[in-house]
Amino acid sequence: MEKEVGDHKKIVYFICLVGALGGLLFGLDQGFIANSLDTVKAIYHLDTKAAEQYSALLATGGVLGALVSGVLARYLGRKKSLIFAGLLFTFGSLVSAWIPPLSILYVCRFFLGFGIGIASFLSPLYLAETAPASIRGSMGTLFQLMITIGIFLISATNVYIASVFPKSPMSLSLMFCVIVLFALLMLLTSFWLPESPRWLVLKGRGDEAAKILQRTVSKQSEIDFEIIEIDKMLLRRGGLLKAVFQKSYLKVLLIGVVLQMFQQLVGINVMIYYAPTIFGYAEMTGTLAKILIPTVNMLFTFPAIYLVEKWGRKKLLYAGAAIMFVSMVAAGLAFQGIGQSTMVPPMLQITLLIALVIYIFGFAFSWGPVAWLICSEIFPLKGRECGLTITTMVNWTFAGLVMRYALSFMEIYGNASIFYLFAAFCVLAILFVAFFIPETRGITLEKLEEKLSG
Ligand code: BGC
(Lines give C-alpha, C1' and ligand atoms only; values in the text may rest on other atoms or scores of the structure.)
Protein backbone atom coordinates (compact mmCIF):
# COMPACT_ATOMS: atom_id res chain seq x y z
CA MET A 1 0.00 0.00 0.00
CA GLU A 2 1.58 3.30 -1.11
CA LYS A 3 0.87 6.09 1.36
CA GLU A 4 2.69 9.26 0.63
CA VAL A 5 0.79 12.14 2.14
CA GLY A 6 -0.93 12.32 5.51
CA ASP A 7 -3.16 14.84 7.26
CA HIS A 8 -1.58 16.50 10.24
CA LYS A 9 -2.58 18.76 13.08
CA LYS A 10 -1.40 22.34 13.35
CA ILE A 11 0.55 21.67 16.55
CA VAL A 12 3.11 19.86 14.38
CA TYR A 13 4.35 23.22 13.12
CA PHE A 14 4.96 24.45 16.63
CA ILE A 15 6.64 21.24 17.71
CA CYS A 16 8.94 21.45 14.69
CA LEU A 17 9.69 25.12 15.34
CA VAL A 18 10.84 24.29 18.87
CA GLY A 19 12.69 21.19 17.61
CA ALA A 20 14.55 23.44 15.17
CA LEU A 21 15.82 25.81 17.87
CA GLY A 22 19.05 23.78 17.97
CA GLY A 23 19.68 25.38 14.56
CA LEU A 24 19.26 28.85 16.04
CA LEU A 25 22.02 28.19 18.57
CA PHE A 26 24.16 26.66 15.83
CA GLY A 27 23.77 29.91 13.87
CA LEU A 28 24.39 32.20 16.84
CA ASP A 29 27.67 30.49 17.68
CA GLN A 30 28.73 30.05 14.06
CA GLY A 31 28.01 33.69 13.19
CA PHE A 32 29.46 35.05 16.43
CA ILE A 33 33.02 35.41 15.20
CA ALA A 34 32.66 37.59 12.10
CA ASN A 35 31.71 40.77 13.97
CA SER A 36 33.16 40.07 17.42
CA LEU A 37 36.69 39.02 16.59
CA ASP A 38 38.16 42.51 16.93
CA THR A 39 36.59 42.82 20.38
CA VAL A 40 37.82 39.37 21.47
CA LYS A 41 41.32 40.20 20.20
CA ALA A 42 41.41 43.55 21.99
CA ILE A 43 40.20 42.26 25.38
CA TYR A 44 42.28 39.08 25.49
CA HIS A 45 45.27 40.59 23.62
CA LEU A 46 45.20 37.88 20.96
CA ASP A 47 47.16 37.98 17.74
CA THR A 48 45.51 36.74 14.53
CA LYS A 49 46.79 33.20 14.93
CA ALA A 50 45.44 32.86 18.47
CA ALA A 51 42.15 34.40 17.38
CA GLU A 52 41.92 31.87 14.53
CA GLN A 53 42.55 29.07 17.01
CA TYR A 54 39.78 30.41 19.22
CA SER A 55 37.33 30.44 16.27
CA ALA A 56 38.33 27.00 15.03
CA LEU A 57 37.74 25.39 18.45
CA LEU A 58 34.05 25.48 17.61
CA ALA A 59 34.56 23.02 14.75
CA THR A 60 36.69 20.72 16.95
CA GLY A 61 33.91 20.69 19.53
CA GLY A 62 31.41 20.13 16.71
CA VAL A 63 33.18 17.01 15.48
CA LEU A 64 33.38 15.51 18.98
CA GLY A 65 29.81 16.54 19.84
CA ALA A 66 28.59 14.81 16.69
CA LEU A 67 30.64 11.75 17.63
CA VAL A 68 28.83 11.21 20.93
CA SER A 69 25.42 12.35 19.76
CA GLY A 70 24.51 9.04 18.13
CA VAL A 71 24.99 7.23 21.44
CA LEU A 72 23.16 9.96 23.35
CA ALA A 73 20.26 9.98 20.92
CA ARG A 74 19.88 6.22 21.07
CA TYR A 75 20.15 5.71 24.82
CA LEU A 76 18.87 9.00 26.28
CA GLY A 77 16.34 9.59 23.51
CA ARG A 78 15.99 12.53 21.12
CA LYS A 79 14.28 14.87 23.54
CA LYS A 80 16.67 14.48 26.49
CA SER A 81 19.65 14.88 24.17
CA LEU A 82 18.21 18.17 22.91
CA ILE A 83 17.81 19.29 26.52
CA PHE A 84 21.44 18.33 27.15
CA ALA A 85 22.56 20.45 24.17
CA GLY A 86 20.46 23.34 25.57
CA LEU A 87 22.31 23.02 28.89
CA LEU A 88 25.69 23.15 27.15
CA PHE A 89 24.68 26.26 25.21
CA THR A 90 23.39 27.97 28.34
CA PHE A 91 26.45 27.28 30.50
CA GLY A 92 28.99 27.80 27.71
CA SER A 93 27.65 31.25 26.87
CA LEU A 94 26.89 32.24 30.47
CA VAL A 95 30.45 31.54 31.64
CA SER A 96 31.85 33.32 28.55
CA ALA A 97 29.70 36.36 29.39
CA TRP A 98 31.58 36.68 32.69
CA ILE A 99 34.74 37.35 30.67
CA PRO A 100 36.71 34.55 32.35
CA PRO A 101 40.47 33.95 31.96
CA LEU A 102 41.47 33.02 28.40
CA SER A 103 41.85 29.29 29.06
CA ILE A 104 38.28 29.09 30.35
CA LEU A 105 37.01 31.11 27.41
CA TYR A 106 38.64 28.49 25.14
CA VAL A 107 37.00 25.66 27.08
CA CYS A 108 33.64 27.41 26.71
CA ARG A 109 34.09 27.80 22.96
CA PHE A 110 34.89 24.10 22.76
CA PHE A 111 31.75 23.18 24.71
CA LEU A 112 29.61 25.51 22.63
CA GLY A 113 30.96 23.62 19.61
CA PHE A 114 30.23 20.34 21.37
CA GLY A 115 26.62 21.52 21.84
CA ILE A 116 26.40 22.47 18.17
CA GLY A 117 27.72 19.05 17.17
CA ILE A 118 24.89 17.47 19.17
CA ALA A 119 22.27 19.94 17.93
CA SER A 120 23.30 19.62 14.30
CA PHE A 121 22.80 15.89 14.64
CA LEU A 122 19.63 15.97 16.70
CA SER A 123 17.51 18.77 15.31
CA PRO A 124 17.34 17.43 11.73
CA LEU A 125 16.82 13.90 13.07
CA TYR A 126 14.04 15.01 15.40
CA LEU A 127 12.30 16.98 12.63
CA ALA A 128 12.50 14.12 10.15
CA GLU A 129 11.14 11.63 12.68
CA THR A 130 8.36 13.85 13.98
CA ALA A 131 7.00 15.62 10.89
CA PRO A 132 4.49 13.77 8.68
CA ALA A 133 5.86 12.81 5.22
CA SER A 134 3.85 15.46 3.36
CA ILE A 135 5.60 18.32 5.16
CA ARG A 136 8.82 16.60 6.23
CA GLY A 137 10.88 18.53 3.68
CA SER A 138 9.50 21.91 4.72
CA MET A 139 9.89 21.15 8.40
CA GLY A 140 13.44 19.88 7.79
CA THR A 141 14.36 23.18 6.17
CA LEU A 142 13.33 24.94 9.39
CA PHE A 143 16.63 23.76 10.86
CA GLN A 144 18.60 25.64 8.21
CA LEU A 145 16.27 28.63 8.47
CA MET A 146 17.03 28.80 12.19
CA ILE A 147 20.79 28.59 11.50
CA THR A 148 20.57 31.54 9.14
CA ILE A 149 18.36 33.54 11.53
CA GLY A 150 20.94 32.88 14.25
CA ILE A 151 23.83 34.01 12.05
CA PHE A 152 21.92 37.13 11.04
CA LEU A 153 20.83 38.00 14.59
CA ILE A 154 24.27 37.70 16.11
CA SER A 155 25.94 39.56 13.24
CA ALA A 156 23.51 42.45 13.62
CA THR A 157 23.58 42.61 17.43
CA ASN A 158 27.38 42.30 17.54
CA VAL A 159 27.78 45.17 15.07
CA TYR A 160 25.42 47.28 17.18
CA ILE A 161 26.96 46.38 20.55
CA ALA A 162 30.50 46.98 19.24
CA SER A 163 29.47 50.40 18.01
CA VAL A 164 27.95 51.42 21.36
CA PHE A 165 30.71 50.02 23.64
CA PRO A 166 33.79 49.79 21.39
CA LYS A 167 36.25 47.03 22.37
CA SER A 168 35.31 46.91 26.06
CA PRO A 169 34.70 43.86 28.30
CA MET A 170 31.13 45.11 28.68
CA SER A 171 30.73 44.84 24.92
CA LEU A 172 31.91 41.22 24.78
CA SER A 173 29.82 40.31 27.78
CA LEU A 174 26.68 41.69 26.14
CA MET A 175 27.46 39.81 22.93
CA PHE A 176 27.52 36.53 24.86
CA CYS A 177 24.39 37.51 26.79
CA VAL A 178 22.45 37.51 23.52
CA ILE A 179 23.38 33.85 23.12
CA VAL A 180 22.45 33.13 26.76
CA LEU A 181 18.91 34.41 26.13
CA PHE A 182 18.29 32.13 23.17
CA ALA A 183 20.03 29.20 24.86
CA LEU A 184 17.58 29.53 27.74
CA LEU A 185 14.71 29.68 25.29
CA MET A 186 15.86 26.46 23.68
CA LEU A 187 16.49 24.75 27.01
CA LEU A 188 13.13 25.61 28.53
CA THR A 189 11.00 24.90 25.46
CA SER A 190 12.73 21.54 24.88
CA PHE A 191 11.13 20.23 28.08
CA TRP A 192 7.74 20.68 26.42
CA LEU A 193 8.64 18.68 23.28
CA PRO A 194 7.14 15.23 22.78
CA GLU A 195 9.63 12.38 22.30
CA SER A 196 10.17 11.16 18.72
CA PRO A 197 7.57 8.45 18.00
CA ARG A 198 10.07 6.50 15.92
CA TRP A 199 12.58 6.37 18.78
CA LEU A 200 9.81 5.17 21.10
CA VAL A 201 8.92 2.33 18.75
CA LEU A 202 12.61 1.50 18.44
CA LYS A 203 12.64 1.15 22.23
CA GLY A 204 9.55 -1.08 22.20
CA ARG A 205 7.31 1.69 23.57
CA GLY A 206 4.71 1.60 20.79
CA ASP A 207 1.83 2.69 23.08
CA GLU A 208 3.57 5.95 23.97
CA ALA A 209 4.43 6.47 20.30
CA ALA A 210 0.75 6.10 19.37
CA LYS A 211 -0.18 8.72 21.99
CA ILE A 212 2.33 11.16 20.52
CA LEU A 213 1.15 10.50 17.00
CA GLN A 214 -2.36 11.31 18.21
CA ARG A 215 -1.07 14.81 18.99
CA THR A 216 0.32 15.30 15.52
CA VAL A 217 -1.64 13.12 13.06
CA SER A 218 -5.36 13.69 12.41
CA LYS A 219 -6.78 10.24 11.67
CA GLN A 220 -6.54 7.10 13.82
CA SER A 221 -6.18 4.99 10.66
CA GLU A 222 -3.03 6.92 9.79
CA ILE A 223 -1.60 6.52 13.27
CA ASP A 224 -2.09 2.73 13.07
CA PHE A 225 -0.58 2.74 9.61
CA GLU A 226 2.53 4.61 10.74
CA ILE A 227 3.11 2.34 13.74
CA ILE A 228 2.72 -0.77 11.58
CA GLU A 229 5.13 0.64 9.02
CA ILE A 230 7.75 1.48 11.65
CA ASP A 231 7.32 -1.95 13.25
CA LYS A 232 7.72 -3.61 9.88
CA MET A 233 11.05 -1.87 9.38
CA LEU A 234 12.23 -2.96 12.80
CA LEU A 235 11.32 -6.57 12.08
CA ARG A 236 13.09 -6.60 8.74
CA ARG A 237 16.64 -6.98 9.87
CA GLY A 238 18.64 -8.07 12.89
CA GLY A 239 20.42 -5.62 15.18
CA LEU A 240 22.39 -2.46 14.54
CA LEU A 241 25.48 -4.27 13.28
CA LYS A 242 23.55 -6.26 10.75
CA ALA A 243 21.79 -3.11 9.54
CA VAL A 244 25.06 -1.21 9.21
CA PHE A 245 26.97 -3.89 7.31
CA GLN A 246 24.43 -4.15 4.49
CA LYS A 247 25.71 -3.10 1.07
CA SER A 248 22.72 -0.77 0.70
CA TYR A 249 23.62 0.92 3.99
CA LEU A 250 27.19 1.58 2.94
CA LYS A 251 25.82 3.09 -0.25
CA VAL A 252 23.57 5.58 1.55
CA LEU A 253 26.36 6.31 4.02
CA LEU A 254 28.65 7.24 1.17
CA ILE A 255 25.95 9.45 -0.33
CA GLY A 256 25.51 11.27 3.00
CA VAL A 257 29.26 11.65 3.55
CA VAL A 258 29.97 13.08 0.10
CA LEU A 259 26.91 15.33 0.27
CA GLN A 260 28.07 16.88 3.55
CA MET A 261 31.62 17.13 2.25
CA PHE A 262 30.45 19.10 -0.79
CA GLN A 263 28.22 21.29 1.37
CA GLN A 264 31.43 22.61 2.90
CA LEU A 265 33.75 22.36 -0.11
CA VAL A 266 31.63 24.80 -2.10
CA GLY A 267 33.07 27.33 0.35
CA ILE A 268 30.08 28.61 2.34
CA ASN A 269 31.93 29.23 5.59
CA VAL A 270 34.57 31.35 3.92
CA MET A 271 31.74 33.76 3.17
CA ILE A 272 30.09 33.37 6.57
CA TYR A 273 33.32 33.87 8.55
CA TYR A 274 35.42 36.02 6.30
CA ALA A 275 33.08 38.06 4.05
CA PRO A 276 34.04 41.31 5.84
CA THR A 277 37.73 40.39 5.36
CA ILE A 278 37.20 39.52 1.69
CA PHE A 279 35.28 42.73 1.08
CA GLY A 280 38.15 44.47 2.89
CA TYR A 281 40.64 43.06 0.32
CA ALA A 282 38.55 44.90 -2.28
CA GLU A 283 38.55 48.03 -0.10
CA MET A 284 34.91 47.70 0.92
CA THR A 285 34.37 48.21 4.62
CA GLY A 286 31.52 49.54 6.77
CA THR A 287 28.28 48.13 8.06
CA LEU A 288 27.00 46.92 4.68
CA ALA A 289 30.05 44.68 4.26
CA LYS A 290 29.44 43.24 7.73
CA ILE A 291 25.75 42.56 7.49
CA LEU A 292 24.93 41.98 3.82
CA ILE A 293 25.90 38.31 3.59
CA PRO A 294 24.01 37.14 6.74
CA THR A 295 20.92 39.08 5.62
CA VAL A 296 20.83 37.56 2.13
CA ASN A 297 21.58 34.15 3.62
CA MET A 298 18.57 34.37 5.91
CA LEU A 299 16.11 35.87 3.43
CA PHE A 300 16.77 33.33 0.70
CA THR A 301 16.37 30.35 2.98
CA PHE A 302 12.62 31.08 3.16
CA PRO A 303 11.89 30.03 -0.46
CA ALA A 304 13.45 26.64 0.32
CA ILE A 305 10.61 25.81 2.72
CA TYR A 306 8.21 25.86 -0.20
CA LEU A 307 10.48 24.76 -3.04
CA VAL A 308 11.81 21.67 -1.32
CA GLU A 309 8.34 20.09 -1.53
CA LYS A 310 7.36 21.61 -4.88
CA TRP A 311 10.56 21.01 -6.87
CA GLY A 312 11.99 18.18 -4.78
CA ARG A 313 15.48 17.95 -3.30
CA LYS A 314 17.52 17.17 -6.41
CA LYS A 315 16.37 20.11 -8.52
CA LEU A 316 17.27 22.49 -5.72
CA LEU A 317 20.74 20.99 -5.45
CA TYR A 318 21.31 21.35 -9.21
CA ALA A 319 20.06 24.92 -9.31
CA GLY A 320 22.04 25.97 -6.24
CA ALA A 321 25.32 24.46 -7.44
CA ALA A 322 24.92 26.00 -10.90
CA ILE A 323 24.29 29.46 -9.43
CA MET A 324 27.23 29.12 -7.04
CA PHE A 325 29.47 28.00 -9.91
CA VAL A 326 28.71 31.07 -12.02
CA SER A 327 29.10 33.48 -9.09
CA MET A 328 32.40 31.94 -7.95
CA VAL A 329 33.85 32.28 -11.45
CA ALA A 330 32.68 35.92 -11.49
CA ALA A 331 34.26 36.57 -8.06
CA GLY A 332 37.51 34.95 -9.26
CA LEU A 333 37.56 37.14 -12.37
CA ALA A 334 36.87 40.25 -10.26
CA PHE A 335 39.81 39.46 -7.97
CA GLN A 336 42.03 38.75 -10.96
CA GLY A 337 41.10 42.20 -12.29
CA ILE A 338 41.84 43.75 -8.91
CA GLY A 339 45.27 42.08 -8.86
CA GLN A 340 47.81 44.19 -7.00
CA SER A 341 46.14 47.52 -7.86
CA THR A 342 46.23 50.13 -5.13
CA MET A 343 42.98 51.79 -6.22
CA VAL A 344 40.26 49.20 -6.80
CA PRO A 345 37.99 50.21 -9.73
CA PRO A 346 34.36 50.60 -8.53
CA MET A 347 33.18 48.34 -11.37
CA LEU A 348 35.18 45.43 -9.96
CA GLN A 349 34.01 46.16 -6.42
CA ILE A 350 30.40 46.00 -7.60
CA THR A 351 31.05 42.79 -9.55
CA LEU A 352 32.52 41.19 -6.45
CA LEU A 353 29.67 42.37 -4.26
CA ILE A 354 27.02 41.07 -6.65
CA ALA A 355 28.89 37.78 -7.15
CA LEU A 356 29.03 37.08 -3.41
CA VAL A 357 25.39 38.01 -2.91
CA ILE A 358 24.33 35.70 -5.74
CA TYR A 359 26.53 32.97 -4.34
CA ILE A 360 24.87 33.19 -0.93
CA PHE A 361 21.46 33.22 -2.58
CA GLY A 362 22.44 30.03 -4.46
CA PHE A 363 23.53 28.28 -1.27
CA ALA A 364 20.71 29.50 0.96
CA PHE A 365 17.79 27.95 -0.91
CA SER A 366 19.56 24.71 -1.82
CA TRP A 367 22.69 23.14 -0.36
CA GLY A 368 22.20 24.76 3.05
CA PRO A 369 18.89 23.12 3.92
CA VAL A 370 18.91 20.15 1.55
CA ALA A 371 22.21 18.56 2.65
CA TRP A 372 21.00 18.31 6.25
CA LEU A 373 17.56 17.24 5.14
CA ILE A 374 18.65 14.37 2.91
CA CYS A 375 21.03 13.05 5.56
CA SER A 376 18.17 12.94 8.06
CA GLU A 377 16.03 10.96 5.60
CA ILE A 378 18.14 8.34 3.88
CA PHE A 379 19.27 6.08 6.71
CA PRO A 380 17.24 3.06 7.87
CA LEU A 381 15.80 3.49 11.36
CA LYS A 382 18.13 0.96 12.97
CA GLY A 383 21.28 2.53 11.57
CA ARG A 384 20.08 6.14 11.58
CA GLU A 385 22.07 7.40 14.57
CA CYS A 386 25.25 5.77 13.29
CA GLY A 387 24.87 7.20 9.78
CA LEU A 388 23.98 10.68 10.97
CA THR A 389 26.87 10.68 13.42
CA ILE A 390 29.31 10.04 10.60
CA THR A 391 27.78 12.52 8.14
CA THR A 392 27.55 15.27 10.78
CA MET A 393 31.19 14.69 11.76
CA VAL A 394 32.20 14.92 8.11
CA ASN A 395 30.38 18.24 7.80
CA TRP A 396 32.21 19.67 10.81
CA THR A 397 35.57 18.27 9.79
CA PHE A 398 35.39 19.93 6.38
CA ALA A 399 33.94 23.11 7.88
CA GLY A 400 36.98 23.23 10.19
CA LEU A 401 39.43 22.59 7.34
CA VAL A 402 37.94 25.28 5.11
CA MET A 403 37.82 27.82 7.94
CA ARG A 404 41.37 27.12 8.99
CA TYR A 405 43.12 27.14 5.66
CA ALA A 406 41.08 29.46 3.41
CA LEU A 407 42.86 32.71 4.23
CA SER A 408 46.33 31.20 4.05
CA PHE A 409 45.38 29.59 0.73
CA MET A 410 44.46 33.02 -0.60
CA GLU A 411 47.72 34.43 0.69
CA ILE A 412 49.81 31.74 -1.02
CA TYR A 413 47.94 31.24 -4.30
CA GLY A 414 46.31 34.66 -4.74
CA ASN A 415 42.84 35.88 -3.87
CA ALA A 416 41.20 34.71 -7.10
CA SER A 417 42.38 31.11 -6.77
CA ILE A 418 40.10 30.06 -3.95
CA PHE A 419 37.00 31.16 -5.85
CA TYR A 420 38.01 29.07 -8.86
CA LEU A 421 38.59 26.14 -6.55
CA PHE A 422 35.10 26.47 -5.08
CA ALA A 423 33.70 26.75 -8.63
CA ALA A 424 35.39 23.46 -9.49
CA PHE A 425 33.81 21.81 -6.44
CA CYS A 426 30.41 23.09 -7.62
CA VAL A 427 30.86 21.23 -10.91
CA LEU A 428 31.83 18.02 -9.09
CA ALA A 429 28.84 18.49 -6.80
CA ILE A 430 26.47 18.67 -9.79
CA LEU A 431 27.89 15.43 -11.21
CA PHE A 432 27.55 13.79 -7.81
CA VAL A 433 23.88 14.81 -7.53
CA ALA A 434 23.17 13.55 -11.04
CA PHE A 435 24.64 10.11 -10.45
CA PHE A 436 24.07 9.34 -6.79
CA ILE A 437 21.41 11.37 -5.00
CA PRO A 438 17.95 9.78 -4.67
CA GLU A 439 14.81 11.95 -4.70
CA THR A 440 13.22 11.73 -1.27
CA ARG A 441 10.29 14.13 -1.59
CA GLY A 442 6.88 13.08 -0.23
CA ILE A 443 7.79 9.49 0.66
CA THR A 444 7.45 8.19 4.24
CA LEU A 445 10.77 7.32 5.88
CA GLU A 446 9.73 3.68 5.94
CA LYS A 447 8.88 3.54 2.21
CA LEU A 448 12.14 5.31 1.51
CA GLU A 449 14.00 2.72 3.57
CA GLU A 450 12.37 -0.02 1.52
CA LYS A 451 13.24 1.76 -1.72
CA LEU A 452 16.87 2.47 -0.83
CA SER A 453 17.56 -1.03 0.45
CA GLY A 454 16.10 -2.54 -2.71
C1 BGC B 1 26.22 24.85 7.12
C2 BGC B 1 27.07 25.77 7.96
C3 BGC B 1 26.94 27.17 7.44
C4 BGC B 1 25.49 27.60 7.38
C5 BGC B 1 25.33 28.93 6.73
C6 BGC B 1 24.79 25.33 7.18
O7 BGC B 1 23.97 24.48 6.44
O8 BGC B 1 26.31 23.53 7.60
O9 BGC B 1 28.40 25.31 7.94
O10 BGC B 1 27.64 28.06 8.27
O11 BGC B 1 24.73 26.65 6.68
O12 BGC B 1 24.00 29.28 6.61
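These remarks concern the structure in this document. (Residues numbered from 1 in each chain as written. Predicted model: local features only at pLDDT ≥ 70, side-chain atom pairs only at ≥ 80, totals over all residues. Heavy atoms only, no water.)

### What about the state of the cysteines?
What counts is decided by this rule: Disulfides are defined as pairs of cysteine sulfur atoms found within 2.5 Å of each other. Three labels apply to residues, based on accessible area from a 1.4 Å probe with only protein chains included: buried if under 20% of the type maximum, exposed if over 50%, partly exposed otherwise in between.
Across all of its chains, the model carries zero disulfides by this definition. Free cysteine: Cys-108, not disulfide-bonded; nearest cysteine sulfur from Cys-177 at 13 Å. For Cys-108, a relative accessible area of 6% translates into the label buried. The closest cysteine sulfur to the non-disulfide-bonded Cys-426 is located on Cys-375, 18 Å from its own sulfur. Look at Cys-426 and you get buried, because its relative accessible area is 0%.

### Some thoughts on the site of the ligand
Worth spelling out the cut-off: We call a residue near a molecule or strand as soon as one heavy atom of that residue lies within 4 Å of the molecule or strand. Nitrogen and oxygen atoms within 3.5 Å of one another constitute a polar contact, given that in protein one can donate a hydrogen and the other can accept it, and given that sequence-neighbouring residues count only through two side-chain atoms. Here a helix means four or more residues in a row that DSSP labels H or I, a strand means two or more in a row labelled E, and each is numbered from the N terminus. Classification convention: Asp, Glu, Lys, Arg as charged; Ala, Val, Leu, Ile, Met, Phe, Trp, Tyr, Cys, Pro as nonpolar; all other residues, Gly among them, as polar.
In the region of the ligand, 15 residues are neighbours, and Gln-30, Gln-144, Gln-263, Asn-269 and Asn-297 sit closest. Gln-263 has a polar side-chain atom sitting 2.8 Å from an oxygen atom of the ligand. Between an oxygen atom of the ligand and a side-chain N or O atom of Asn-269, the distance comes to 2.6 Å. Going through the elements one at a time, helix 2 (21–31), helix 7 (136–164), helix 13 (247–265), helix 14 (268–281) and helix 19 (367–378) are the ones with two or more residues in the shell around the ligand. Among the elements that make up the shell around the ligand, the one with the highest residue count is helix 7 (four residues). Considering only residue class, the shell around the ligand consists of six nonpolar, nine polar and no charged.

### Overview of a nonpolar patch on the surface
Which entries qualify depends on this criterion: Patch building starts from residues that exceed 30% relative accessible area and form no salt bridge, then joins like charges within 9 Å and nonpolar side chains (Val, Leu, Ile, Met, Phe, Trp, Tyr) within 5 Å. In this description, accessible areas are obtained by the Shrake-Rupley approach with a 1.4 Å probe, and a residue is regarded as covered only by the protein chains that are shown. We define a salt bridge as a contact between a side-chain nitrogen of Lys or Arg and a carboxyl oxygen of Asp or Glu at a distance within 4 Å.
Nonpolar side chains collect at one region of the surface, where Phe-325, Val-326, Val-427, Leu-428, Leu-431, Phe-435 and Phe-436 lie side by side and expose about 690 Å² of accessible area between them. Of all the secondary-structure elements, those providing two or more residues to the nonpolar patch are helix 17 (313–338) and helix 21 (415–436). In terms of residue count, helix 21 provides more of the nonpolar patch than any other element does, five residues in total.

### As for the packing of aromatic side chains
This is how the line gets drawn: Here the aromatic set is Phe, Tyr and Trp, taking the six-membered ring for Trp, and pairing holds for ring centres within 6.5 Å; pairs whose planes are under 30 degrees apart are stacked, those over 60 apart are edge-to-face, and all others are tilted. Only Lys NZ and Arg CZ are tested; either one counts as a charge over a ring when it is within 6 Å of the ring centre and within 35 degrees of the ring normal.
All chains considered together, the criterion is met by 18 aromatic pairs. For the pair Phe-300 and Phe-361, a centre-to-centre distance of 4.8 Å together with 80° between the ring planes defines the contact as edge-to-face. Here the residue Phe-300 occupies a position in the loop between helix 15 (287–299) and helix 16 (302–310), and Phe-361 occupies one in helix 18 (residues 346–364), the gap between them amounting to 61 residues. Owing to a relative accessible area of 27%, Phe-361 belongs among the partly exposed residues under this scheme. Residues Phe-335 and Phe-419 carry aromatic rings whose centres are separated by 5.5 Å and whose planes lie at 10° to one another, so their mutual orientation is stacked. Placement of Phe-335 in helix 17 and of Phe-419 in helix 21 is noted, with a sequence separation of 84 residues between them. With respect to class, Phe-335 is no different from Phe-419; both count as buried. Joined through ring pairs, the aromatic side chains of Phe-26, Phe-143, Trp-372 and Trp-396 make up one cluster. Just above the ring of Trp-192 sits the side chain of Arg-215; from NZ or CZ to the centre is 5.9 Å.

### Digging into the packing of helix 3 (residues 37–44) against helix 4 (residues 48–75)
Selection criterion: A fitted line through C-alpha atoms represents every axis, and for helices the fit uses only the stretch in contact; the resulting angles, taken between N-to-C directions, go from 0 to 180 degrees. Orientation is classified from the angle alone, with under 35 degrees giving roughly parallel, over 145 giving roughly antiparallel, 65 to 115 giving roughly perpendicular, and any other angle giving oblique. Helix crossings fall into two classes, left-handed where the near helix is turned counterclockwise from the far one by less than a right angle and right-handed where it is turned clockwise. Here, two residues are considered to be in contact whenever any of their heavy atoms come within 4.5 Å of each other.
Remark: helix 3 packs on helix 4, axes separated minimally by 10 Å, with the N-to-C direction vectors making an angle of 120°. Between helix 3 and helix 4, the crossing angle belongs to the class labelled oblique. At the point where helix 3 passes helix 4, the crossing takes the right-handed sense. Contacts between helix 3 and helix 4 involve Leu-37, Val-40 and Lys-41 from the former and Thr-48, Ala-51, Tyr-54 and Ser-55 from the latter.

### What about the environment of Ser-134?
With respect to the element layout, Ser-134 can be found in the loop between helix 6 (102–130) and helix 7. The class for Ser-134 is buried, based on a relative accessible area of 18%. Measuring from C-alpha to C-alpha, the distance between Ser-134 and Phe-435 comes to 26 Å, with 301 residues separating the pair along the chain.

### Remarks on the side chain of Ser-120
With respect to the helices, strands and loops of the structure, Ser-120 is situated in helix 6. Setting aside residues up to four positions removed in sequence, Ser-120 forms contacts with Phe-26, Phe-143, Trp-372, Thr-392 and Trp-396.

### Some points on the pattern of salt bridges
If you walk through the whole model with that rule in mind, you get ten salt bridges. Here Glu-208 ties to Arg-205 by a salt bridge, and the two come within 3.0 Å at their closest N and O atoms. A salt bridge links Arg-313 to Glu-309; its shortest N-O distance comes to 3.4 Å. In terms of burial, Arg-313 and Glu-309 fall into one category: buried. Members of the salt-bridge network, linked through shared partners, are Arg-74, Arg-78, Glu-129, Arg-384 and Glu-385.

### Observations regarding helix 13
How we decide: Each helix should span, by expectation, one fewer than its residue count multiplied by 1.5 Å.
Here helix 13 spans 27 Å end to end across 19 residues, near enough to the 27 Å set by a 1.5 Å rise per residue. The buried fraction of helix 13 is high, at 14 of 19 residues. At the C-terminal side of helix 13, Gly-267 shows a positive phi close to 100°.

### Some details on the nonpolar core
Put simply, the rule is: We call a set of buried residues a nonpolar core when its members are Ala, Val, Leu, Ile, Met, Phe, Trp, Tyr or Cys and they connect through side-chain atoms within 4.5 Å of each other.
Residues Phe-89, Leu-259, Met-271, Met-328, Leu-356, Trp-367 and Phe-419 are the most contacted members of the largest nonpolar core, which totals 142 residues. At 13 residues, the largest contribution of residues to this core is made by helix 6. The residues touching Phe-419, leaving out its near neighbours within four places in the chain, are Met-271, Ile-278, Met-328, Ala-331, Gly-332, Phe-335, Leu-356 and Met-410. Trp-199, Leu-200, Ala-209 and Ile-227 belong to the second largest nonpolar core, which has twelve residues in total.

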